[in-house]
Structure formats: structure tokens, C-alpha cells
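What follows is each chain in one-letter form.
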Amino acid sequence: MNLNLNRQEFKSILPRFALVAVVLLIVGVMSFLSPVFMTSKNMTNIFRQISINGIIAVGMTFVILLGDIDLSVGAVVGVVSVVCGNLLEQGMNWFAVCLIALAVSIVFGVFNGTLVAYLNFQPFVATLATLTIGRGVALAYSDGRPYIINNPIFKAIGQGYVGKVPIPVIILLAVCVICYVILNYTTFGRYFFAVGGNKNAARLSGVKTKKVEMSAYIISAICACIVGLILSARISSGQPNAGDGYELDAIAAVAIGGTSMNGGVGSLTGTMLGFVMIGLLSNSMNLLNINSFYQQIVKGCLIIIAVYVDMKSKGDKK
Amino acid sequence: MANDNYVLEAREICKSFSGVKVLDHAGLTVLPGEVHALMGENGAGKSTLMKIIMGIYTKDSGSIVMNGQEVEFKGPSDALYAGISMIHQELSPIPEMTVAENIFLGREKRKIKGLPFMDRKAVNSSTMELLERYEMAEYIKPTMKMKTLNIAQIQMVEIIKAVSYDSKILIMDEPTSSLSDKESEVLFKIIENLRSQQVGIIYISHRMAEVFQISDRISVLRDGNFIGCVETESASHQKLINMMVGRELERGYPQNTAEKGEVVLELKDMCSEGVFENFNLSVRSGEILGLAGLVGAGRSEVMQALVGYDPLDSGEIYLEGEKIEIHHPSDAIKNHIIIASEDRKELGLVFGRSIRENVALQNLEQVSTASFLNKPLEKKLCNSYAKEMTIKMNSIEEDIGSLSGGNQQKAVLAKSLMSKPKVLIMDEPTRGIDVGAKSTIYNIMIDLAKQGIAIIMISSELPELIGMADRILVMSGGKIMGELTDKKEFSQHKILSMAFGGVLNES
Amino acid sequence: MKVRRLIAIMMICCVATLVFAQGGSESAGEDQITIGFSSKDNSDVFVKNITDAAVAKADELGVKLLMADARGDVNTQISDVENFIVQDVDVVIVIPQSVEGSAPVVSMCNDAGIPIIVCNGDIADTNYTAFVGCTDQESGEILGTWMMENVAEGSNIAIIEGPMGQSGQVGRYNGFKAVGMLDYFNVLSVQTANWKRDEAMALAEDWLTTYGDDLDAIVCENDDMGMGALSAALAAGRDDVVIGGVDAIDDAVQAVKAGTYGISVLQDAAGQGGGSIEVAVKIAKGEDFPKDTRIPFVGITAENVEAYLEGGVAAITE
């Protein structure tokens, strides 16, 4: 790390240090407490498990950076799952199925974006409606029944490996890298921070704010689509209820990562640390055989602590 | 120093932020029924001192004495109940509530004690009483909704709210910065009334004229130090400026010696229903065109419509003789028509992001290839523009919100200049900034004019407009009321009489 | 600096949580049998009864039981089983969340060479080591048969289902079909109430308004929903509507005793939870084990409700 950081820069990365420290701490304590924790098999498991929440959280980061929220991602996962299940059952080529699923998810993204950016709906209300519609579409489309997926290539998306690395983990890494580059190294990415920080000022500076908002919802929906594909492949079936409640886990990861719900402030690295931390913690608690009811309490407390540290470190500036 | 008459005495206050001394043994005294002006350049520590008095910040050392007793406020509400209130530069009313509800927010009178039923009648009548006592009844009614009020009226509500807490000390931070001259006069009358009722007023302002008009004493802070306190009667402009900047500052405005070239921008018949109509304008390269008018005359609106921010119903825009279409601010930027907005917080800057990101925001294509940012180039370019504008900063990565008003304004200019403007619209370029920064900005304007940029300057400060502009258009009610083309015939009287639609015959 | 102190507090909290948790779980001897139990949703009373019985039985037999709760999510269930495999447990027991979606856990365990016992519900992949429980179809058959015996042929009935695609819903509905109940009656409507009492109540209220006196019976796939339908019927003054369900929860049994509720099909939760542990221990010890243990369903009706209340399950299963 560059040691010539000035105070300002140091303060901005301090909360992330806290997260890194907690992550390392969990790893340290767990490797002492559980003999299997540090095994490569368990690590593989952890990363495969976090890929689901991780990918959605990455997409959600774009939306939350604008100060918006996307509650519909879980429902999009469900729709994608049944669409894939049905088309694969009918023997369609796996790649074509993925493209169709992508198109379907983009429709949802555009729908959200239109409501929020062009019709000025509040994001919470608009995406809540989309969530309800999406879940209904998934149930109606499948008539409530799950589809069985037998296509071996498709199943590999969720169950396969490249070398020793599970394919979902590779997809997660790819999504993270692509989104990181978009957000930090392109003009387009910069607009998200500007629009989230001050929509009016961004517009006066020539930023097409509506398009930025629209694309945030599309990115979020595409990430949900990817998760829908992985999940369906992982459970070898297209389930209308798939992805139920995933939006909240993703929002939790983003919040822990220090992205402000008011928009304008945040980072993808924070989100990544956020979902890694949630994943590590829930794996640890499972390995230690902690009652699931208490696990939820711990997770909630974690969100409060993380956000509090974040607020404090920012508040110290003034 | 000991004087038992003081209602408030701040002694030897020190305060540091992250190791940087902001206040160094600064102090202030206020007598009952006195208007005490507090002056100093931006960053001199005025706001910090006030926030310490209000209990918003904690002081490192020193003491605050009220009526001979040392006090320690934990927050603004403590201060409020002790009798100190502050009218902030940015007012924050609750739009759906009435005037009376706003004033008694949090201490609503109940119909029956302990039950949450508000006694509207009682609240309204006590509000009315206050309004009458402080001679504001002709401007506002207790039952008006806050959202229907203009800034001057909202300010009055804030003042009434303050005195309703029986305030002995009222702190006003740049109260006239968004008021028209006429509204300011009303405010001064109110201040006069407050003074007669033994309220001590700390009056922060950059406007020399009004300070001389209303204050009894003037204290000056510079770089966190208390420089001195003078009786207004014995003070002079030059003396105060010397105290503030610590050096002799030439008076007056720099001369625009730039050569006027071809017409750069021409606007024909611009209309926006209910906002402005038949707006025509042309401006030459190297020319500074002043746009005068009262607040609400439609000056900012027409300029924001020009750059595509606000809707435009009809009208034609010609840039260097060619007709262009502007539907979105990005079109204006592409055509190098740049606006530096008056409202830095709402429209000019993205607070919470760095100076670099703000300066680069509308110029990202200059520092990117195929949408991929060249960060070293971005840093280099932004740094050079920021340096050119003499922004005082630790680093270009600093949050823009942490800069003083003058430096924020310079950042807005740096951002505008980076877009290589052909036409630069400067909306209230010196609002809320100090004398030193003002003269820097005037000099920058002249430099830009010399580079052949056409400048349209909107300003509510007539002396500034008269001093800087080569030509002045006066607007009222969304229409152009007249044009002054000869610098010799510029006068406040002429401009004001046009601005009031010719109704006013003497100023 | 404040932030530093906060980080310290955060770290201490994490360490404390993990260490305490470790202290709570008993340390295992080298040769102690470890069983991983993957429950579908412990917030469901009936499922909780099974897992409680399993915990009690494990204590009794002196084996170590790791309990994981999928909280109603298929993906979590798969992750939980992955964690068990990493911990190299001796036997895995799973209550499937979804017939199709949970199926991959069977092949995962087989690949890892760990015996897997399926408890309580159906699963699409039948290559498991052993089954303990009862098929949901059987409960549907018992309920359907009773209805056919007690309600006149051709009567108008409505059916309230569990969440679409869950094994309980699929199995019980298939049970209705198998005994011919769907043809025997005139089925007015089939809707899901997601195992929820309040949703079922709203549904029944709507039906009672729509069909009025034409509605003769409401068949519910569980008792919680049955209780909801019963409240709606009684509120509408329709004590003649015949209502039945599955699970034998306490208030359903009381309602049977009071004569307002037709039948509650008893599923022996304790028998299934304890039974699966017994089988698991046999497998781990290398002893002979029953490949298919059926814990029988039995209908609690006006005839045997007194006996059940006095003598428990044993009194009515013999």
C-alpha cells in the first residue's frame, strides 16, 4: 500500500480497513476453532455459496449508488429460473436459453427504469410492484410447478468446475472485474457517483441522468439473471419461488460495504468485502453448529455495527 | 475586557480540525440591543465561531459567557432555550406546514394537556401577536403554507421562530444573500425593531454597504485570529478591507480591455410559458454582458433554459452565426456554452465527491478514450485548472463540500473553463464569497474576456454589475425591460427603475 | 481516534461470538459418530418438532448432531449439505425443501461417499441410502378417502394448497388424485395459501362470499390453513362446511374434539425425527438398517380423538 496517502485518502479507506480486519479476524479465529475451515474444499464451498448473493449485490450497488433501491431482483431470479426450466425441458439449446433469459431480465430492468427514471415513481414503490408482478409471472408461467433440468451443459453453470474452481465462482469474479472496471475506469461509471451525489448538478453538467438511472436497473436485472441461471443449474430445476428474499441479502451486503443508501458515496470493493464477510460468517456459524435463529440475530447486528463504523468514520471529517 | 453589560461574551476560543487550527484565541462580545457585524474572508473562522457558540461544535479551549455566567451548550437546542438562535444561510422549512405550525414545531399548544390535539387557534393567534409586535404582519399570515413563501418571507418566519424562544442573541449568517434590495430594506427595518427590543444581533455579511448601514460595531476575523473590533462610525471601507485581508486591496473593478469581436451567441424570441417571453440577446466575443433584474425576474431561468436544463417552448439559438439545437445540457456543453450556476449546492457541485471528480464531471471525454478514463491525465488536467483558479486545498482528492464558499465557486469556474467555453454564463459569480475571492474572480473574468470568451454575467449586486459589465440588459417579470449600452450611463438608479418596470422613479 | 476504538470493539464482538459458540457445542471424541441434519425450515412448527425429536434422540444415543436450517431456501440447503461434506460427517440427514430443487444433495453425498437419509418428504433423486418418514402422498390419500366417506358424492369443494412445488403440496395433491377425490367431487377452486393461516382465512372468506351455500367442504393441505378456513366459516355462520387438514397441530385436534373440524391427519413428527437418527446410527456403525422406514399417518377424527388426547400417538396407531 502506498504510504504517502494523505489524511483524506486515509480516512476514506479506513472503514474498509475495518472490514478487511474483521474478515481476516474471522478467518484467523475460525482456522483455530474448526479443523476443516481452512481446507481448500471448504474455501471452494464458501466462494460458491457467496457467488449467488455476491452477483446480485454487485448489481444492486449500481442502483444504491444512485440513492435508489431495486427490490425486484429476487423475483427476476424466479422468472429466469422457470423460463430456463421450461425451455430446457422442451429441449432447447442451453446457450439460446441463456440469451432468452437475458432478454427477459432486461425487460424487467427496462420496466423498472421506465417507472423510476421517466415516470418519476419512487424506486421503492416501483420495484416493489415489479417484485410482486415478477413473482406472479413466475408462478403463472409455471403454474406453480417446478421444471426438471437435465441438460448437462446447463447444469455445469451451477455445478461444474474449471480446474479446481467452481464455475459460479469464476462467473462471480468475472462480474466483479467487469463491474469494477465499468464503475472506476469509465466515464459511464463516474456518472453513477455524480447522479447519486447530486442529480441536478449532474444533469446541468451534461450527464444524461435518466439514461444512467435506466442502465442501473438494467445492470441490476442482468446480475439477477446471471444468478437465476446459476441457481437453476445448481438445483437442477426451474423453481418459481427461486430467489425469494435475495434482494434483502444483497442490500445488506451493499450496506455493510459502506455504500450510502442516499447515493453518491460507496464502492464496489466495499460491497465485495460485504458479501465475503456475510458468506464467511454464515459458513463459520454453520461449521460451529450455531442455531439458525441466532445466526440471523448475528447477521442483523453485523449490519448495524458495520454501518455505524462507516458513519462514524465519515462523520469524523467534520 | 470585563463588562457586565455584555449578554454574550466568547473568550479566547480555540478550535482545530484534524490538526489544523481554525480558530486561534478568537473572541466576540455582544451588547443587548446592538447589531454587531462579523466580517472576514471565507475560511476566516466566522461560521466555526458561530457553530461553537451554538453548541454544534465543541471548542478545544476558551469560554463562552452569557450574562456573566459561563455556559456550555451540548447542541443547538440547548443554545435555543438559553436564548441564542441562528438564522442559517440555507433555510429549511417544512413545506406542507403553515407558518404558525413551523414556528411552534415541537412545542405545539395542546387543546387538552397530554393529548396530541393541536390547538390551531391558540397557535395562530400567538403567531399573529409575534408578527405584529415585530412589524411583519403585512408580509406574512400565520395560516400561509411554507411552500407558498419566498425566501425573504421564510427568513422572517425563522426570525419570528427565534424571537418566540425569547432569544436574547440572534445570529444571522448572510441574511441578504438571496434577497433583492427591496427585501433587504424590509429586513433592515425588522432588525431595527429587534434592536429596539434589546435583542443583540450578530450579523455576518460580506456586503460592506449594508454592514455600514445597520451595524453598531464591526469585528473582524482573519485566519482564525481576532483582528479587532471597531465602532462602525469610526470605520471606513478601506480600513475594514485592510483588517480582513491584511494588505491593501485596490478599490474598484478591473477594466475589461479585451477587444470585442464577432457576435458569438444570438438568441431570438426565446419563450417559456409563464417564465419568460420574447427574450432576445446577442453577445460578442470578449464582451461581458450584464443581466440585471430583481430576484424572480427570470434571469437564471432563461439562462438555464438556454443550456437545456429547463424546458424551452420556442426560440432560436445561433452560435457563431449557425443555428443550433439544445435539448439537454450535454448539447450546450458540446457547443461550448457553459453555465456556472448560482446555486453551488443544488446545481453546481456534487457534494461528497472530490474536487477532481467535480471539475472533470462535464469534461470526461477530454480525459478518456472510448469511454475509458485516463486517470493520470484527469488528475493532471484538473490539478492545473484548480491551480489556475487558485483554489485553496490540501489535495485535489478533498471532498468539495469541505471547501469554503469562495473556493467552491472557484471550483465551479475551473470546471466551466475546462469545457473551453465560447460563451460563459456566470450566475451570481460572487454570491456569498469574501472580498479577496471576489477580486480574484473579477480578474479571472477579465482574463477570460481577453481570451475571446463571451461572458454573460447575472448579478444582484448592482455595483458589481456596473463595474464589470460592458453592456447591461435589465429584466423584469420574464421580459427584457431595457438595455444600457454605454458604460458612462450605467447607474443603479436607471437599472432599478427598469427592474421595477419603470414604476420606481427614485431609488 | 474513535474509529480505531470501534474497530477494536467490532473485533472483540466477533471473537466473542465465535468463541462462545464454540464453547456451547460439545467437543467430540475421536470415534464419536457425527451426523449432519439439514432441515428445510425450523420456523415451521411441524418441522421444528421433527428436529427437536432428532436432537433429543441424538443426545440419548450419545452422537454428535450438526443442525443446519435452510430457512426455506433450496440454495441454502445445498450449501448446508456442502458444509457437512467438508466437515466429513458420518451420515447426512435431509428434510428436502423442494422435491426437484433439493435433489442434487443426493448425488453430492453419493459422490463424497457419505450415506444420506431422506427424512419426511419426497425427493426427485431416489439414489439415497435410506428413507425415514412417510410420503406426503399417503397423507393426501388418507384425507381424500375420509372426505369421500363423509361428504356426499358430487358436493362442491374447494382445495387450499401449500406453496406450489413444495413436496408437501405436490405429494398431498397427488394423494387426492390417487384416491379419486378430484373426480368424486365437483372442485370449485384450487388455490395456494402457502401454509399460512391468515392467507387461508382470506381465501376461505372470499370463497364463502362467492359460492355461498353451494360450498360444502374445504380440503386443506395442512392444519394451519385448515384453522384459517375454519375461522372464516364459523365467522360466516357456516358450521356445516366440512373442513379437514394434515399435521394434527394442537388447536386442530381441539377443534376435532369440539366437532367443528372434520379430520386432522397426524404425521408423527417425533417418530420421524427420532427414527431417522436411529437409522443413521445403524448406518454409521455398519449395522443392518431398514432402507425404507415408514412412519404411518393416521387420521384423527371424532372417533379416536379422545384416545389420542389421553394416550398420544401410541394409543391410536396400534
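Residues numbered from 1 in each chain as written. Chains lettered and ligands numbered in written order. Predicted model: local features only at pLDDT ≥ 70, side-chain atom pairs only at ≥ 80, totals over all residues.

A. Highlighting the overall build of chain C. Each helix and strand counted, chain C has twelve helices and twelve strands in total. Looking at chain C as a whole, 55% of its 318 residues are labelled buried. (Helix = DSSP H or I, 4+ residues; strand = E, 2+ residues; numbered from the N terminus. Buried ≥ 20, exposed ≤ 12 C-beta atoms within 10 Å, placed from the backbone.)

B. Structural view of the pairing of strand β9 (residues 217-222) of chain B. Residue and element names in this part refer to chain B. One ladder, built from four bridges, connects strand β3 (residues 35-39) with β9; its direction is parallel. Bridge pairing links H36 to R217 in β9. Connecting β9 to the antiparallel partner strand β10 (residues 225-231) that follows it, the hairpin turn spans two residues, and D223 within it adopts a positive phi of roughly 50°. (Pairing = 2+ DSSP bridges.)

C. Molecular detail of the interface of chain A and chain B. Listed as interface residues are 24 residues of chain A and, on the opposing side, 30 residues of chain B. Contributions of two or more residues to the side of chain A that touches chain B are made by α1 (7-33), α8 (187-197) and α9 (199-204) of chain A. Among the elements that make up the side of chain A that touches chain B, the one with the highest residue count is α8(A) (six residues). (Contact = placed C-beta atoms within 7 Å.)

D. Expanded view of the sheet that holds strand β12 (residues 276-284) of chain B. Residue and element names in this part refer to chain B. Taken together, the four strands give an open sheet; going across it, the order is β12-β11-β14-β15, and neighbouring strands pair in antiparallel fashion. A single partner strand is all that each edge strand has here, and the edge strands are β12 and β15 (322-324). For this sheet, the mean angle separating the axes of adjacent strands, direction not counted, is 20°. Pairing geometry for strand β11 (residues 263-272) and strand β14 (residues 314-319), over five bridges, is antiparallel. (Axes fitted to C-alpha atoms, helices over the stretch in contact; angles between N-to-C directions.)

E. Main features of the sheet that holds strand β7 (residues 169-173) of chain B. Residues and elements named next belong to chain B. Read across the sheet, six strands follow the order β6-β7-β8-β3-β9-β10 without closing on themselves; strand pairing throughout is mixed. Taken across any chain shown, the strands that pair with only one partner, and hence form the sheet edges, are β6 (84-87) and β10. The sheet shows a mean angle of 20° between the axes of neighbouring strands, taken without regard to direction. Relative to β10, β9 runs antiparallel, the two sharing six bridges. Directly across from V220, in β10, lies its bridge partner G228. The strands that helix α1 (residues 46-53) touches are β3, β6, β7, β8 (200-204) and β9; relative to β7, the one it contacts most, it runs at about 150°. Sheet strands in contact with helix α5 (residues 151-164) are β6 and β7, and its direction is about 175° off that of β6.

F. Structural detail: the packing of helix α2 (residues 45-61) of chain C against helix α11 (residues 269-285) of chain C. Residues and elements named next belong to chain C. α11 packs onto α2 with a crossing angle of 40° between their chain directions and a minimal axis gap of 7 Å. By the criterion of interaxial angle, the relationship of α2 to α11 is oblique. In this structure, α2 meets α11 at a crossing whose hand is right-handed. Of α11, the residues touching α2 (which contributes F46, N49, I50, T51, D52, A53, A54, K57, A58 and L61) are A269, A270, Q272, G273, G274, S276, I277, E278 and V281. Its residues assigned to classes, the contact of α2 with α11 comprises ten nonpolar, six polar and three charged. (Parallel < 35°, antiparallel > 145°, perpendicular 65-115°, else oblique. Left-handed = near helix turned anticlockwise from the far one by under 90°. Nonpolar A, V, L, I, M, F, W, Y, C, P; charged D, E, K, R; others polar.)

G. The arrangement of the nonpolar core in detail. Ranked by internal contacts, the top residues of the largest apolar core, which has 286 residues, are I455(B), M457(B), I35(C), I117(C), I218(C) and A229(C). Looking at which element gives the most residues to this core, the answer is helix α10 (residues 209-234) of chain A, with 15 residues. Discounting residues that sit within four places of it in the chain, A229(C) has contacts with I160(C), A200(C), M201(C), A204(C), I218(C), C220(C) and I243(C). (Core = buried A, V, L, I, M, F, W, Y, C linked by C-beta atoms within 7 Å.)

H. Summary view of the confidence of the model for chain C. All names here are of chain C. The pLDDT averaged across chain C works out to 87; a share of 90% of its residues lies at or above 70. The low-confidence segment residues 23-29, where pLDDT is below 50, has four contacts with residues more than four positions distant or belonging to other chains. Here the complex is predicted with pTM 0.76, and the ipTM for its interfaces comes to 0.83. (pLDDT = per-residue confidence, 0-100.)

I. Spotlight on helix α12 (residues 268-287) of chain A. Residue and element names in this part refer to chain A. Given a rise of 1.5 Å per residue, 20 residues ought to cover 28 Å, and the 28 Å separating the end C-alpha atoms of α12 matches this to within 8%. Summarising burial for α12: 19 of the 20 residues are buried, a large majority. Once α12 finishes, N289 follows within two positions and takes phi at roughly 60°, a positive value. (Expected span 1.5 Å × (residues − 1).)

J. Geometry of the environment of G311(C). Secondary-structure assignment places G311(C) in helix α12 (residues 305-317). In this structure the C-alpha to C-alpha distance between G311(C) and C109(C), which are 202 residues apart in sequence, comes to 40 Å.

K. Here's a closer look at the environment of N150(C). Residues and elements named next belong to chain C. When you line up the elements, N150 lands in helix α5 (residues 136-150). By C-beta crowding, N150 is classed as partly exposed, having 13 other C-beta atoms within 10 Å. Along the chain, N150 and V242 lie 92 residues apart, while their C-alpha atoms are 8.7 Å from each other. With residues near it in sequence (within four places) discarded, N150 still touches V242 and G262.

L. Main features of the domain arrangement of chain C. Residue and element names in this part refer to chain C. Domain assignment breaks chain C into domain 1 (31-134 + 269-287) and domain 2 (137-266 + 302-317). Here domain 1 and domain 2 have C-alpha centroids that lie 29 Å from each other. Listed by partner, the interface residues are eight residues for domain 1 and ten residues for domain 2. Here the side of domain 1 that touches domain 2 is built from residues that sort into five nonpolar, two polar and one charged. (Domains from an automatic or database assignment.)

M. Quick peek at unusual backbone geometry. Even without a glycine there, the phi angle at N289(A) is positive, about 60°. Within the fold, N289(A) resides in the loop between α12 and α13 (292-315).

N. Highlighting the pairing of β8(B). Residue and element names in this part refer to chain B. Among the five residues in β8, five count as buried, and that is most of the element. Both faces of β8 are covered, namely the face carrying G200, I202 and I204 and the face carrying I201 and Y203. The sheet contact formed by β3 and β8 spans four bridges and is parallel. Residue pairing in the sheet places H36 in a bridge with I202 of β8. Note: β7 against β8, five bridges, orientation parallel. Looking at the pairing, L170 lines up with I201 of β8. Running through helix α6 (residues 181-196), the crossover from β7 to the neighbouring parallel element β8 is right-handed. (Right-handed = clockwise from strand over helix to strand, strands pointing away.)

O. Broad picture of helix α9 (residues 223-235) of chain C. Residue and element names in this part refer to chain C. Between its first and last C-alpha atoms α9 spans 18 Å; for 13 residues at 1.5 Å apiece the expected length is 18 Å, and the two agree. Burial of α9 is extensive: ten of the 13 residues sit out of reach of the surface. Turning to α9, its buried residues number three or more, namely D223, D224, M225, G226, M227, G228, A229, L230, A232 and A233. Buried positions along α9 lie against β6 (156-161), α8 (197-211), β8 (217-220), β9 (242-246), α10 (250-258) and β10 (263-266). Where α9 ends, the next residue or the one after it, G237, has phi of about 70°, a positive value.

P. Spotlight on the confidence of the model for chain A. All names here are of chain A. On average, residues of chain A score 89 in pLDDT, and 93% of them reach the 70 mark or higher. For chain A, per-element mean pLDDT is lowest for α1, which scores 74, and highest for helix α4 (residues 94-118), which scores 97. Across residues 1-5 the pLDDT falls below 50, and counting only partners more than four positions away or on other chains, this stretch makes one contact in the model.

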